[in-house]
Amino acid sequence: MDQFTLNLIVIGLSFALYIGIAIYTRAGSTSEFYAANRGVSPVMNGMATAADWMSAASFISMAGLIAFTGYDNSTYLMGWTGGYVLLALLLAPYLRKFGKFTVPEFIGDRFYSQTARIIGVICLLIISITYVIGQMTGVGVTFSRYLEVSNSTGLWIGAALVFCYAVLGGMKGITYTQVAQYVVLIIAYTIPAVFIAMQLTGHVLPQTGLFGTHDASGAKFLAKLDQVVTDLGFANYTGHHKSTLDMVLFTLALMIGTAGLPHVIIRFFTVPKVSDARASAGWALVFIALLYTVAPAVGSMARFNLTATMWPGAVTGTEAGSTFSEPAISLEQIETAPELQWMRNWQTTGLLSWEDKNGDGLIQYYNEAGAEGAPVAEQIAAQGLTGNELTTVNNDIMVLANPEIANLPGWVIAIVAAGGLAAALSTAAGLLLAISGAVSHDLIKGAINPNISEKNELMAARISMGVSILVATILGLNPPGFAAQTVALAFGLAASSIFPVLMMGIFSKRINKQGAIWGMLAGILSTLLYIFAYKGWFFISGTNMLEDTAANWLFGISPASFGTVGALINFIVAYAVSSATEEPPVEVIELVESIRVPRGAGDAVAH
Amino acid sequence: MSDRQSSNAYWQANLRIIWVCLIIWALVSYGFGIILRPLISSISIGGTDLGFWFAQQGSILIFIVLIFWYAARMNRLDREHGVDE
């Protein structure tokens, strides 16, 4: 059976499963549509949260980011998991006790202000829409690679699928679909990692293989990897090369950004009790950790395999610098060897490319830039070579090409394709639900027509979800050209607006509506301004006021890390403005006191 | 009024638990994973040092333990103060 047929069967089966679940669990009331009737068990909810949260970025990109940077990009691992500690401790139980459907609803009630609620809706829409565009783009790319259709056809197939199960099932259907998608994506991620860890280190668990011994050389795997990459002039894998301050701020920005993402927060509204909300955050992290502890092994082993393929002498050489006494891989091998079919496959996507610059028939891959690369470049120049010849290696091919690099069977490749789609589709569905909730519940029912019947509100929720899918698909067809950057924007905005306002709403009785409104505005606007100053206004290149280099950054803080500073500004402004204005009314103080104690959360089910 | 005092004591105890958790959370990630890494670099593990392990795996594992410990501790506190469901 050829690879295409295998892909078709595995992807087709996984889709049949998702749609079947959606039909079986379709929502009939607004409570089912927004919060799955608050009947989801913490373990199930944890699994659904994990699928909801782990997007195409976690599944496809993260291991690649770690592979090419090593220790410095541990920030993604700690940042994207540490947010769950904040969720469990600071937000989830209290928001569950509050017992409403959407994040802006809490902001509006706690700060007794329609203006605050609308600002909350705007933040939520900016965050969720920028995020969902990236997911839809990922869906299109994955479909076109594995089903051999055009990018736009792939995108429409994905949109039709999300439409079927998200519009029909609402939160209830999405929850159980996401459980199934989690199972598919974690199997897809783990199988190739286990095979590769076995090949390189003999460990079944990739997690321990990372700190194990490299079988072929007898050295510790990470020490061997350090030697292999430094031989070729790259920075060592386990070393610390970036600014410490920026690393800390970036990790913190990812953590509070995670805790402030509306589509993640609403998942905690679905469990029956406050104590379940706490446990549910723990279960979510368990299921996320199954992927996140495998990712550094996937990254380091993929980097090792790539380097060893390009310059086999790097692995056999034992002394530093001995790599160059062996020849690099030849052009002829790349063009003909069956085990290098993956290089030819990925060359057609443009994500991998090479060029024999000096015409010696070999493709030399080494680092010619920077302080680490200089001595190697000199040594290489002495051999008459003229520069790095592996001209493009995209981060994103690391996970998708991994099974091919390691020569795993065709069914593994098909499962990885289904896993990538599951990751992108589950996140897209969660985001669309957050968007439709904000539009139908906060805008239509909350502001435009408070007397709307439940049946009509449900209809409005479904229509707004359909419209958002359409908008996301159209934007995904013509991506504004900043898909990767908007993720940083989404996190920065969530960190600087939603997280602080929710936290202050729970932990302070003194913050009033003026404080919340000015705090949110100051946090968001300062973060937007800082990002646009370096990345260009609305990401239009050429309109940036300052060059985006470390030397230009304020105190060395990169635009992606600025969410932390934005959050701090939000806290300070909210406190200062609240101190200068009147105290919140008595009934609001009573509301804060009531959400602080768990008893009575069950009542919310009936509302 | 005694009701208010009791819920005040509950909240104070809750805040203490949160602070303990947050200190551990910061220590294993920003601390051992980044800032204090040079301090514990003499402890080697699997071809590198302990700080690398904390940054790539250890902090995540400790986060999980931390959330479940917090959840269990809070359940006990809820029962002690009679505010459980």
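About the criteria used
- Residues numbered from 1 in each chain as written.
- Chains lettered and ligands numbered in written order.
- Predicted model: local features only at pLDDT ≥ 70, side-chain atom pairs only at ≥ 80, totals over all residues.
- Heavy atoms only, no water.
- Phe/Tyr/Trp six-rings, centres within 6.5 Å; stacked < 30°, edge-to-face > 60°.
- Helix = DSSP H or I, 4+ residues; strand = E, 2+ residues; numbered from the N terminus.
- Buried < 20%, exposed > 50% of the residue type's maximum accessible area, 1.4 Å probe, protein only.
- Lys NZ or Arg CZ within 6 Å of the ring centre and 35° of its normal.
- Domains from an automatic or database assignment.
- Salt bridge = Lys/Arg side-chain N within 4 Å of Asp/Glu carboxyl O.
- Nonpolar A, V, L, I, M, F, W, Y, C, P; charged D, E, K, R; others polar.
- 1 Å grid on protein atoms, 1.4 Å probe; cavity = no way out; pocket = protein on both sides within 12 Å on 5 of 7 lines; lining within 4 Å.
- Points joined across faces, edges and corners; volume = space filled by probe spheres on them.
- UniProt positions renumbered as here; feature names shortened; annotations may be inferred.
- Contact = heavy atoms within 4.5 Å.
- Buried area = accessible area lost by both parts, 1.4 Å probe.
- Polar contact = N/O pair within 3.5 Å; in protein donor to acceptor, adjacent residues only side chain to side chain.
- Axes fitted to C-alpha atoms, helices over the stretch in contact; angles between N-to-C directions.
- Parallel < 35°, antiparallel > 145°, perpendicular 65-115°, else oblique.
- Left-handed = near helix turned anticlockwise from the far one by under 90°.
- pLDDT = per-residue confidence, 0-100.
- Core = buried A, V, L, I, M, F, W, Y, C linked by side-chain atoms within 4.5 Å.

**Some thoughts on the packing of aromatic side chains**
So, step 1. One pass over the full model with this rule turns up 28 aromatic pairs over all chains.
So, step 2. Ring plane angle 70° and centroid distance 6.3 Å describe the contact between Trp 53 of chain A and Tyr 84 of chain A, whose orientation is recorded as edge-to-face. With Trp 53 of chain A in helix α3 (residues 42–53) and Tyr 84 of chain A in helix α5 (residues 74–98), the pair connects residues that are 31 residues apart, well separated along the chain.
So, step 3. Overall, the relative accessible area of 2% leaves Trp 53 of chain A in the buried class.
So, step 4. Judged by centre distance (6.0 Å) and plane angle (75°), the ring pair of Trp 53 of chain A and Phe 491 of chain A falls under edge-to-face. One end of the pair, Trp 53 of chain A, is in helix α3; the other, Phe 491 of chain A, is in helix α22 (residues 483–507), and 438 residues separate them in sequence. The pair formed by Trp 53 of chain A and Phe 491 of chain A is uniform in burial state, with each residue classed as buried.
So, step 5. One Lys or Arg, Arg 303 of chain A, reaches over the ring of Phe 234 of chain A and ends 5.2 Å from the middle of that ring.
So, step 6. Stacked on the ring of Tyr 71 of chain A, the Lys or Arg Arg 37 of chain B has its end atom at 4.1 Å from the ring centre.

**Overview of the domain arrangement of chain A**
All names here are of chain A.
So, step 1. By the assigned domains, chain A splits into domain 1 (3–304 + 400–447 + 455–492) and domain 2 (355–389).
So, step 2. Relative to domain 2, the C-alpha centre of domain 1 lies at a distance of 39 Å.
So, step 3. Linking domain 1 with domain 2 are zero salt bridges.
So, step 4. Grouping the amino acids of the side of domain 1 that touches domain 2 by side-chain chemistry returns four nonpolar, three polar and one charged.

**Some details on empty space enclosed by the protein**
Residue and element names in this part refer to chain A.
So, step 1. Applying the stated criterion across every chain, the model contains two cavities of 30 Å³ or more.
So, step 2. A volume near 60 Å³ is recorded for the largest cavity.
So, step 3. Forming the boundary of the largest cavity are Tyr 34, Phe 101, Thr 102, Pro 104, Leu 124, Ile 266, Leu 433, Ala 434, Gly 437 and Ala 438.
So, step 4. A total of four residues in the lining of the largest cavity trace back to one element, the largest contributor, which is helix α20 (residues 410–448).
So, step 5. The class makeup of the residues in the lining of the largest cavity is eight nonpolar, two polar and no charged.
So, step 6. Forming the boundary of the second largest cavity are Ala 188, Tyr 189, Pro 192, Ala 193, Val 298, Val 399, Asn 402 and Val 416.
So, step 7. Of all the secondary structure elements, the ones that give two or more residues to the lining of the second largest cavity are α8 (151–201) and α19 (397–405).
So, step 8. Class assignment of the residues belonging to the lining of the second largest cavity gives a composition of seven nonpolar, one polar and no charged.

**Things to note about the UniProt feature "transmembrane region" (unreviewed entry) in chain B**
Residue and element names in this part refer to chain B.
So, step 1. Here the UniProt feature "transmembrane region" (unreviewed entry) sits at residues 17–40 and 52–72.
So, step 2. What you have in residues 17–40 is 79% helix and 0% strand, and the ends, taken at the C-alpha atoms, are 27 Å apart.
So, step 3. Taken end to end, residues 52–72 is 100% helix and 0% strand, and its two terminal C-alpha atoms sit 30 Å from one another.

**Some thoughts on the interface of chain A and chain B**
Interfaces are often sized by the amount of accessible area the parts lose when they come together.
So, step 1. Contacts between chain A and chain B engage 56 residues on the former and 42 residues on the latter.
So, step 2. Between chain A and chain B the total buried area reaches about 4100 Å² when both faces are included, carbon and sulfur atoms providing 70% of it.
So, step 3. Three residues stand out in chain A for area buried against chain B, namely Leu 89, Phe 211 and Arg 278 of chain A, and they jointly supply 17% of the buried area on that side.
So, step 4. Inspection of the region where chain A meets chain B yields two salt bridges.
So, step 5. Arg 278 of chain A is the partner of Asp 78 of chain B in a salt bridge, and the nearest nitrogen-oxygen pair spans 3.0 Å.
So, step 6. Counting across the chain A and chain B interface gives twelve residue pairs in polar contact (both at pLDDT 80 or more).
So, step 7. Among the secondary structure elements, those contributing two or more residues to the side of chain A that touches chain B are α5, α10 (221–231), α11 (244–260), α13 (274–292), α22 and α25 (586–596) of chain A.
So, step 8. Top element by residues in the side of chain A that touches chain B is α5 of chain A. It accounts for 13 residues.
So, step 9. Broken down by class, the residue content of the side of chain A that touches chain B amounts to 35 nonpolar, 15 polar and six charged.

**A word on the UniProt feature "domain: Sodium symporter small subunit" (unreviewed entry) in chain B**
So, step 1. According to UniProt, the positions carrying the feature "domain: Sodium symporter small subunit" (unreviewed entry) are residues 8–84 of chain B.
So, step 2. Taken end to end, residues 8–84 of chain B is 77% helix and 5% strand, and its first and last C-alpha atoms sit 15 Å apart.

**Describing the packing of α20 of chain A against helix α21 (residues 454–477) of chain A**
Residue and element names in this part refer to chain A.
So, step 1. Relative to each other, α20 and α21 sit at 130°, their axes nearing to 8 Å. Classed by the angle they form, the pair α20 and α21 counts as oblique. You can see that α20 and α21 cross each other, and the crossing is right-handed. In this structure, α20 contributes Leu 432, Leu 433, Ile 435, Ser 436, Val 439, Ser 440, His 441, Ile 444 and Lys 445 to the contact, and α21 contributes Glu 457, Ala 460, Ala 461, Ser 464, Met 465, Ser 468 and Ile 469.
So, step 2. Classifying every residue of the contact of α20 with α21 by side-chain character gives nine nonpolar, five polar and two charged.

**Quick look at the side chain of Ser 578 of chain A**
So, step 1. Considering the arrangement of structural elements, one finds Ser 578 of chain A in helix α24 (residues 562–580).
So, step 2. Contact partners of Ser 578 of chain A, with chain neighbours within four places excluded, come to Arg 510, Ile 511, Asn 512 and Gly 515 of chain A.

**A word on the pattern of salt bridges**
Residue and element names in this part refer to chain B.
So, step 1. In this structure the tally under the stated criterion is eight salt bridges over all chains.
So, step 2. Where Arg 37 meets Asp 49, a salt bridge forms, and the shortest distance between an N and an O atom there is 3.0 Å. One end of the pair, Arg 37, is in the loop between α1 (2–35) and β1 (44–45); the other, Asp 49, is in strand β2 (residues 48–49), and twelve residues separate them in sequence.

**What about the confidence of the model for chain A?**
So, step 1. The pLDDT averaged across chain A works out to 87; a share of 96% of its residues lies at or above 70.
So, step 2. Within chain A, the lowest mean pLDDT, 73, falls on helix α18 (residues 370–382) of chain A, and the highest, 96, falls on α24 of chain A.

**Observations regarding the confidence of the model for chain B**
Detail in the predicted coordinates should be disregarded across regions flagged by low pLDDT.
Residues and elements named next belong to chain B.
So, step 1. Scored by pLDDT, chain B comes out at a mean of 91, with 95% of its residues at no less than 70.
So, step 2. Across chain B, the secondary-structure element scoring lowest on mean pLDDT is β1, at 88, and the one scoring highest is helix α2 (residues 50–80), at 95.
So, step 3. Predicted as a complex, the structure gets a pTM of 0.91 and an ipTM equal to 0.95.

**Here's the deal with the layout of surface pockets**
One way to see where empty space is left: roll a probe the size of a water molecule over the atoms.
So, step 1. Counted as a void, the second largest pocket has a volume near 440 Å³.
So, step 2. In this structure, the second largest pocket is lined by 19 residues; those nearest its centre are Leu 90, Phe 499, Met 503 and Phe 571 of chain A together with Leu 22 of chain B.
So, step 3. Of all the elements in the fold, those that place two or more residues in the lining of the second largest pocket are α5, α11, α22 and α24 of chain A together with α1 of chain B.
So, step 4. Ranked by residue count, the leading element in the lining of the second largest pocket is α1 of chain B, at six residues.
So, step 5. Taken together, the residues that form the lining of the second largest pocket break down as 18 nonpolar, one polar and no charged.

**Some thoughts on the nonpolar core**
Side chains of a nonpolar character, in soluble globular proteins, are inclined to be buried together.
So, step 1. Counting 222 residues, the largest nonpolar core has Trp 53, Phe 59, Leu 91, Tyr 292 and Leu 502 of chain A as its most contacted members.
So, step 2. Looking at this core element by element, the count peaks at 21 residues for α8 of chain A.
So, step 3. Split by domain, the residues of this core number at least three in each of domain 1 (3–304 + 400–447 + 455–492) and domain 2 (355–389) of chain A.
So, step 4. Once residues lying within four places of it in the same chain are set aside, the contact partners of Tyr 292 of chain A are Trp 53, Met 54, Ser 58, Met 62, Tyr 76, Leu 77, Trp 80 and Thr 81 of chain A together with Ile 60 of chain B.
So, step 5. Counting residues in hydrophobic clusters, the runner-up holds seven residues, among them Tyr 530, Tyr 534, Trp 553 and Phe 562 of chain A.

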